[in-house]
Number of protein chains: 2
Amino acid sequence: MSDKKISSAVIKRLPRYYRYLGELLENDVVRISSKELSERMHVTASQIRQDLNNFGGFGQQGYGYNVEHLHKEIEKILGLEKTYNVIIVGVGNLGQALANYIDFERKGFVIIGLFDVNPRLVGMTVRGIEVKDIDEMEAFVRENTVDIAVLTLPKAKAPKVATDIVSYGVKGIWNFAPIDLQLRDADATVENVHLSESLMTLSYRLSNTDME
Amino acid sequence: MSDKKISSAVIKRLPRYYRYLGELLENDVVRISSKELSERMHVTASQIRQDLNNFGGFGQQGYGYNVEHLHKEIEKILGLEKTYNVIIVGVGNLGQALANYIDFERKGFVIIGLFDVNPRLVGMTVRGIEVKDIDEMEAFVRENTVDIAVLTLPKAKAPKVATDIVSYGVKGIWNFAPIDLQLRDADATVENVHLSESLMTLSYRLSNTDME
DNA sequence: TAGATTGTTAATCGATTAACAATC
DNA sequence: TAGATTGTTAATCGATTAACAATC
């Protein structure tokens, strides 16, 4: 389907383009050149044009890019025109925070299930969804279409849950456990959010400020 | 102080080395070669040696690396031998989740203040810390040593809070608002966690699985 | 000592930037 | 048309990998 391999450096920049274009759209900006966008985003115009041309020629010589059109195109590239059914496994503080984050739903990520092992949490309702015991997860996943499983559980439990859930057919894992999940299924994919590691790069910078 | 500039690619890999070494340490592994570590981590041995040699020669020919020593050295490099005083600005679901995340405290990030504009939250206690009105933040920051401010607030409010807080002398910002903060103070540094963008790279991969 | 493995230099690969002809 | 700006090729830069002498 796709022609050449897109580098992950490019892919990681796409959401940022999408965000800036969304803001331009909100401000009723109709067209933008790569040069102007580059100044706003603090990247080179060359990089913007290179990045976009991985996916097609969205601009027009002498004019630039139509903001609405480009925004829409990047939306399609990112797969955001679809809706994704999401379950959250591990309904502790972080799991609940993500469940309550309205913005995800606005972008098409719909939470359809919450699971936990903790009997205190089971039966509780978050955003109108009842927390189920993790024993019910397999049946749930097999009966419903689940596109993404969010893992917000202790690292000790993450590998088994990930393996199980992928064996039930879930293709996307958004992993918050501080561990590298190894999936057998080549079709399935993991996106990691390692908060501790992010915080450590901050402490690195705070303690290595070169005072030149 | 530091000799040559360390690339951010290297810095971002350090916490992962640190994590693997910590696990080896827990399993009482005394020594490890770059080759063996490379196999566990799925990177090249060459990269490990190059990365580490940015900071010094921690190994020994014919032997490899002493796990405990290397772990300790990376800890120092990452600035984790110190303690950091942290405030959280925006005590919604995510702010509370971070406040409750015990692991940060274990690594030396101590939460000393919580602030919010919402009168419903002000006065509430999270992990033994009372949520204060954001109006009290300036006095608090000036009276206490605050190393890191965590911004878990709506994007509309983030730029002003960031500017203010940096003007009060805070050098590190851990930003969860979906926006690029521009800081005047060259000494101050921002680490972004853009959850939406992370989720979008996942949806990209889910909708662009090349079935070769 | 012989074998193992580092630290480091050199080679390769990939990503970013510059340049410019094509064209709206 | 003239000016602006793209899409794309070529040049540069930086990061990764390979190779190997040094040495424990």
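Before reading on, note that the structure itself is shown above.
Since we're looking at a predicted model, the values are computed, not measured. (Residues numbered from 1 in each chain as written. Chains lettered and ligands numbered in written order. Predicted model: local features only at pLDDT ≥ 70, side-chain atom pairs only at ≥ 80, totals over all residues. Heavy atoms only, no water.)

1. A closer look at the packing of helix 1 (residues 8-26) of chain B against helix 2 (residues 34-41) of chain B
When two helices pack together, their arrangement is captured by the angle between the axes and the distance separating the axes.
All names here are of chain B.
Then comes step 1: Running from amino to carboxyl end, helix 1 crosses helix 2 at an angle of 105°, the nearest separation of the two axes being 11 Å. By the angle between their directions, the pair helix 1 and helix 2 is classed as roughly perpendicular. Contacts from Arg16, Tyr17, Tyr20 and Leu24 of helix 1 reach helix 2 at Leu37, Arg40 and Met41.
Then comes step 2: Looking at side-chain class alone, the contact of helix 1 with helix 2 contains five nonpolar, no polar and two charged residues. (Axes fitted to C-alpha atoms, helices over the stretch in contact; angles between N-to-C directions. Helix = DSSP H or I, 4+ residues; strand = E, 2+ residues; numbered from the N terminus. Parallel < 35°, antiparallel > 145°, perpendicular 65-115°, else oblique. Contact = heavy atoms within 4.5 Å. Nonpolar A, V, L, I, M, F, W, Y, C, P; charged D, E, K, R; others polar.)

2. Structural notes on the relation of the copies chain A and chain B
Then comes step 1: Relative to chain B, chain A is turned by 180° and slid 0.0 Å along the rotation axis, the superposed coordinates differing by an RMSD of 0.0 Å. Those values place the two copies in the arrangement expected of a two-fold rotation axis.
Then comes step 2: A high fraction, 100%, of the interface residues of chain A reappear at the interface in chain B, so the copies pair face to face through one surface. (Least-squares fit on C-alpha atoms with pLDDT ≥ 70 in both.)

3. Some details on the pairing of strand 4 (residues 84-89) of chain A
Residue and element names in this part refer to chain A.
Then comes step 1: For strand 4, the buried fraction is high: five of the six residues fall into the buried class.
Then comes step 2: As paired strands, strand 4 and strand 5 (residues 109-116) are joined by six bridges and run parallel to one another. Of the residues in strand 5, the one forming a bridge with Tyr84 is Phe109. (Buried < 20%, exposed > 50% of the residue type's maximum accessible area, 1.4 Å probe, protein only. Pairing = 2+ DSSP bridges.)

4. Thoughts on the interface of chain A and chain B
Then comes step 1: Each side of the interface is counted separately: chain A has 63 residues, and chain B has 63 residues.
Then comes step 2: Together chain A and chain B conceal approximately 5,300 Å² of surface at their shared face, both sides included; 62% is due to carbon and sulfur atoms.
Then comes step 3: Where chain A touches chain B, the interface holds 10 salt bridges.
Then comes step 4: Its salt-bridge partner being Arg16 of chain B, residue Asp180 of chain A comes within 2.9 Å of it at the nearest N-O pair.
Then comes step 5: Our count for the chain A to chain B interface comes out at 26 residue pairs in polar contact (both at pLDDT 80 or more). (Buried area = accessible area lost by both parts, 1.4 Å probe. Salt bridge = Lys/Arg side-chain N within 4 Å of Asp/Glu carboxyl O. Polar contact = N/O pair within 3.5 Å; in protein donor to acceptor, adjacent residues only side chain to side chain.)

5. Looking at helix 2 of chain B
Residue and element names in this part refer to chain B.
Then comes step 1: For helix 2, every residue scored as buried is listed here: Ser34, Leu37, Ser38 and Met41. With its buried residues spanning 105° around the axis, helix 2 presents them on a single face.
Then comes step 2: Of the surrounding secondary structure, the elements contacted by the buried residues of helix 2 are helix 1, strand 1 (31-32), helix 3 (45-52) and strand 3 (64-66).
Then comes step 3: Once helix 2 finishes, His42 follows within two positions and takes phi at roughly 60°, a positive value. (Arc of directions from axis to C-beta.)

6. Observations regarding the packing of aromatic side chains
Residue and element names in this part refer to chain A.
Then comes step 1: A complete count under the given rule lists 10 aromatic pairs over all chains for this structure.
Then comes step 2: Ring centres 5.2 Å apart and planes at 15° place the aromatic pair Tyr84 and Phe109 in the stacked group. With Tyr84 in strand 4 and Phe109 in strand 5, this residue pair connects regions lying 25 residues apart in the sequence.
Then comes step 3: In this structure Tyr84 comes out as buried when scored by relative accessible area, which is 4%.
Then comes step 4: Given the relative accessible area of 4%, Phe109 is considered buried.
Then comes step 5: With centroids separated by 4.6 Å and ring planes inclined at 80°, the aromatic side chains of Tyr101 and Phe104 adopt a geometry described as edge-to-face.
Then comes step 6: By way of ring pairs, the aromatic residues Tyr101, Phe104, Trp174 and Phe176 are connected into one cluster.
Then comes step 7: It is Arg31 that lies over the ring of Tyr63; its NZ or CZ is 5.3 Å from the centre. (Phe/Tyr/Trp six-rings, centres within 6.5 Å; stacked < 30°, edge-to-face > 60°. Lys NZ or Arg CZ within 6 Å of the ring centre and 35° of its normal.)

7. Digging into the environment of Tyr63 of chain A
Residue and element names in this part refer to chain A.
Then comes step 1: Relative to the helices and strands, Tyr63 is located in the loop between strand 2 (59-60) and strand 3 (64-66).
Then comes step 2: The exposure class of Tyr63 is partly exposed, given its relative accessible area of 29%.
Then comes step 3: Taking the C-alpha atoms as reference, Tyr63 lies 56 Å from Leu121; in sequence the two are 58 residues apart.
Then comes step 4: Not counting residues within four places of it along the chain, the set of residues in contact with Tyr63 comprises Val30 and Arg31.

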